[in-house]
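A closer look at the structure
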Amino acid sequence: MILLGIILLVIGLIAGLSILWTIGLVLVVIGVVLWILGSMGHAVAGRKHYW
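Quantities reported herein were computed from a predicted structural model and do not represent experimental measurements.

Things to note about a nonpolar patch on the surface
- Together, L13, W21, L25, V29, V33 and L37 make up an exposed nonpolar region whose accessible area comes to about 540 Å².
- With five residues, the top contributor of residues to the nonpolar patch is helix α2 (residues 18–39).
- Its place among the elements puts L25 in helix α2.
- The exposure class of L25 is partly exposed, given its relative accessible area of 37%.

Quick word on α2
- For α2, with 22 residues, the first-to-last C-alpha span of 31 Å sits near the 32 Å given by 1.5 Å per residue.
- Those residues of α2 that sit buried are G24, L27, V28, G31, L34 and G38. Down the axis of α2, the buried side of the element spans an arc of 140°, and every buried residue falls inside it.
- Summarising the contacts, the buried residues of α2 are in contact with α1 (2–15).

Criteria and thresholds
- Residues numbered from 1 in each chain as written.
- Predicted model: local features only at pLDDT ≥ 70, side-chain atom pairs only at ≥ 80, totals over all residues.
- Heavy atoms only, no water.
- Patch = residues over 30% accessible without salt bridge, like charges linked within 9 Å, V, L, I, M, F, W, Y side chains within 5 Å.
- Areas by Shrake-Rupley, 256 points an atom, 1.4 Å probe, with all protein chains shown as cover.
- Salt bridge = Lys/Arg side-chain N within 4 Å of Asp/Glu carboxyl O.
- Helix = DSSP H or I, 4+ residues; strand = E, 2+ residues; numbered from the N terminus.
- Buried < 20%, exposed > 50% of the residue type's maximum accessible area, 1.4 Å probe, protein only.
- Expected span 1.5 Å × (residues − 1).
- Arc of directions from axis to C-beta.
- Contact = heavy atoms within 4.5 Å.

All we've got here are geometric facts, nothing functional implied.
In structure tokens, the structure reads:
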């Protein structure tokens, strides 16, 4: 999810499409939050680890 967000950020920045940039930013933030929760040992969406 983080990688997809970064790819959308880059494409949105190069192409000048603000909607791709916004979606990419949201995906990066959600991915980082899920990664942090998973690494702290909290169950995320019923899983012990989130990859």
